[in-house]
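Notes for the structure review
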Amino acid sequence: MASQLDIIRMAREANGEERRIRHNIRRVTRRAIKAGKLLKLPCFCCGDLETEAHHPDYSAPLDVVWLCKKHHQEIHR
């Protein structure tokens, strides 16, 4: 049986791996925008031009939904 400390370590390792994946996907997205392979679009919900890339599926890094900050935060709540 795992001790409480072991459980905390395993959770941190899993969280660290997830964080690395998100970081890499964001880097791929920024590079694609800079190279002109991915175009920023208005917010899917309200049409605001100040948008952020939302990744519904991290296995498809260039498949994003463009959302304004308000709507992006609402999705993550």
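Nothing here was measured: the structure is a model prediction, and the numbers come from that model.

Topic: the overall build of the chain
- Scanning the chain for helices and strands turns up 2 helices and 2 strands.
- When the helices and strands of the chain are listed from N to C terminus, the series reads α-β-β-α.
- By the burial criterion, 22% of the 77 residues in the chain qualify as buried.
- Contacts spanning at least 24 positions in sequence make up 36% of the contacts within the chain whose residues lie at least 6 apart.

Describing the pattern of salt bridges
- In this structure the tally under the stated criterion is 3 salt bridges.
- Across the pair Arg 22 and Glu 18 runs a salt bridge whose closest N-O atoms are separated by 2.9 Å. Taken together, the positions of Arg 22 and Glu 18, both in helix α1 (residues 4–35) and 4 residues apart, correspond to about one turn of that helix.
- With a relative accessible area of 43%, Glu 18 lands in the partly exposed category.
- Between Glu 52 and Lys 69 there is a salt bridge, with the nearest N and O atoms lying 3.8 Å from each other. With Glu 52 in strand β1 (residues 52–54) and Lys 69 in helix α2 (residues 69–75), this residue pair connects regions lying 17 residues apart in the sequence.
- The partly exposed category is assigned to Glu 52, whose relative accessible area is 27%.

Comments concerning the state of the cysteines
- Counted under the stated rule, the structure contains 0 disulfides.
- Not part of a disulfide, Cys 43 finds its nearest cysteine sulfur in Cys 46, a span of 3.7 Å.
- The class of Cys 46 is partly exposed, set by a relative accessible area of 46%.

Things to note about the nonpolar core
- Counting residues in each nonpolar core, the largest one holds 5 residues, listed as Ala 32, Leu 38, Ala 53, Val 64 and Trp 66.
- Contact partners of Trp 66, with chain neighbours within four places excluded, come to Ile 33, Leu 38, Leu 39, Lys 40, Leu 41, Pro 42, Cys 43, Phe 44, Thr 51, Glu 52 and Ala 53.

Observations concerning the environment of Val 64
- Along the polypeptide, Val 64 turns up in the loop between β1 and β2 (65–67).
- C-alpha of Val 64 to C-alpha of Lys 40: the two residues are 24 residues apart in sequence and 9.6 Å apart in space.
- Other than its neighbours up to four places away in sequence, Val 64 contacts Leu 38, Ala 53, His 54 and His 55.

Brief notes about the side chain of His 72
- Relative to the helices and strands, His 72 is located in helix α2.
- A distance of 3.2 Å separates polar atoms of two side chains, one belonging to His 72 and the other to His 76.
- Once residues within four sequence positions are removed from consideration, His 72 is found in contact with Glu 52, Ala 53, His 54 and Leu 67.

The rules behind the values
Residues numbered from 1 in each chain as written. Predicted model: local features only at pLDDT ≥ 70, side-chain atom pairs only at ≥ 80, totals over all residues. Heavy atoms only, no water. Helix = DSSP H or I, 4+ residues; strand = E, 2+ residues; numbered from the N terminus. Buried < 20%, exposed > 50% of the residue type's maximum accessible area, 1.4 Å probe, protein only. Contact = heavy atoms within 4.5 Å. Salt bridge = Lys/Arg side-chain N within 4 Å of Asp/Glu carboxyl O. Disulfide = S-S within 2.5 Å. Core = buried A, V, L, I, M, F, W, Y, C linked by side-chain atoms within 4.5 Å. Polar contact = N/O pair within 3.5 Å; in protein donor to acceptor, adjacent residues only side chain to side chain.

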